[in-house]
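What follows is each chain in one-letter form.
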Amino acid sequence: MSIDALKDRIPDYAKDLRLNLGSLANDVTLTPQQLAGTFVSSAIASRNDAVTKAIVAEFADKLTPEALSAAKSAAAIMGMNNIYYRFVHMAGGDYEKMPAQLRMSVIGRPGVEKIDFELWSLAVSAINGCGLCVTSHEKIVRDALGAEAVQTAVRVASTVHAVAVTLEAAEALGD
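Basis of the calculations
In this convention, every chain numbers its residues from 1, walking through the sequence in written order. The predicted nature of this model means local features are confined to residues of pLDDT at least 70 and side-chain atom pairs, given and counted, to a pLDDT of 80 or more, with totals for whole chains, interfaces and linings taken over all residues. By convention in this description, side-chain values take in all heavy atoms of the structure and omit both hydrogens and water. By definition, any uninterrupted DSSP run of H or I lasting at least four residues is a helix, any uninterrupted run of E lasting at least two residues is a strand, and each is numbered from the N terminus. With C-alpha atoms as the basis for the radius of gyration, the globule rule is written as 2.2 Å multiplied by the number of residues raised to the power 0.38. Every axis in this analysis is a line fitted to C-alpha atoms, fitted for helices over the stretch in contact. Angles between the N-to-C directions lie between 0 and 180 degrees. The hand of a helix crossing depends on one turn: near helix anticlockwise from the far one by less than a right angle means left-handed, and clockwise means right-handed. Here, residues are in contact when the closest pair of their heavy atoms is within 4.5 Å. In this classification, the charged set is Asp, Glu, Lys and Arg, the nonpolar set is Ala, Val, Leu, Ile, Met, Phe, Trp, Tyr, Cys and Pro, and all remaining amino acids, among them Gly, are polar. Any Phe, Tyr or Trp ring, taking Trp's six-membered ring, that has another such ring centre within 6.5 Å forms a pair; planes under 30 degrees apart are called stacked, those over 60 apart edge-to-face, and the others tilted. Buried means the residue's accessible area, taken with a 1.4 Å probe over protein chains only, is under 20% of the maximum for its type, while exposed means over 50%, and partly exposed covers the values in between.

**Student:** What's the story with the overall build of the protein in this structure? I'm lost.
**Tutor:** Of the regular secondary structure elements, the protein holds eight helices and zero strands. Its helices and strands in sequence order give the protein the pattern α-α-α-α-α-α-α-α, from N to C terminus. Against the globule reference of 16 Å for 175 residues, the protein gives a C-alpha radius of gyration of 16 Å, in line with a compact fold. On the principal axes, the C-alpha backbone points of the protein span a range of 50 × 35 × 25 Å.

**Student:** I keep staring at the packing of helix H3 (residues 32-46) against helix H6 (residues 114-128) and nothing clicks. Help me out?
**Tutor:** Helix-helix packing is described using two parameters, namely the angle between the two axes and the distance between the axes. Relative orientation of the contacting elements H3 and H6 amounts to 30°, with a least axis distance of 9 Å. Taken as a pair, H3 and H6 cross one another with a handedness that is right-handed. Here Gln-33, Gln-34, Gly-37, Thr-38, Ser-41, Ser-42, Ala-45 and Ser-46 of H3 come into contact with H6, specifically with Ile-115, Asp-116, Leu-119, Trp-120, Ala-123, Val-124, Ile-127 and Asn-128. Its residues assigned to classes, the contact of H3 with H6 comprises seven nonpolar, eight polar and one charged.

**Student:** Got a minute to help me understand the packing of aromatic side chains in this structure?
**Tutor:** In this description, an aromatic ring pair is defined by two values, namely the gap between the centres and the angle between the planes. Tallying each qualifying case throughout the model produces three aromatic pairs. Ring centres of Phe-39 and Phe-59 lie 4.5 Å apart, and the angle between their planes is 15°; on these two criteria the pair is classed as stacked. Of this pair, Phe-39 sits in helix H3 while Phe-59 is found in helix H4 (residues 49-59), placing the two residues 20 residues apart along the sequence. Phe-39 gets classed as buried once you look at its relative accessible area, which sits at 0%.

Structure, rendered in structure tokens:
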């Protein structure tokens with residue numbers, strides 16, 4: 001399935017998502033690798049089989065095997081970190097001073113430029129709603145690439161996630 005086939009599945013009541021998905025797929029704010037990795041990591045974080053398959057089919061050829069693996073790794077590691085650090089933030093107390101004791105070596109050696117991995121981690125963190133992670137990754141990305149790159153990554157994440165939610169609802173409701 002391609003992006004066009006995915007857009008065809010979006011119900012008319014969510015046509016804004018269809019339009020946003022199309023325009024973001026052609027965005028030039030980010031490099032082709034950054035854009036493709038943001039789409040892939042966001043799709044995985046959105047937890048919808050159809051969206052993930054369509055996005056990976058559309059963007060995999062724009063990524064080296066190493067970059068595709070890194071985008072998948074960003075979704076995986078942030079899936080863990082977002083839960084852990086969201087808990088630390090909400091619970092407060094001594095947890096902030098305690099070492100996480102969770103393996104996360106991929107952050108130090110992601111297999112792509114560190115800033116690309118940070119961008120993808122930001123998008124996933126926005127989807128997963130971890131304030132600490134969003135703040136940390138946003139600063140790194142903004143300092144290196146600027147506010148427009150941050151905004152584009154989060155626009156991609158929000159649109160991909162909304163498409164996933166809408167398709168699940170449409171399927172459940174028979175729309």
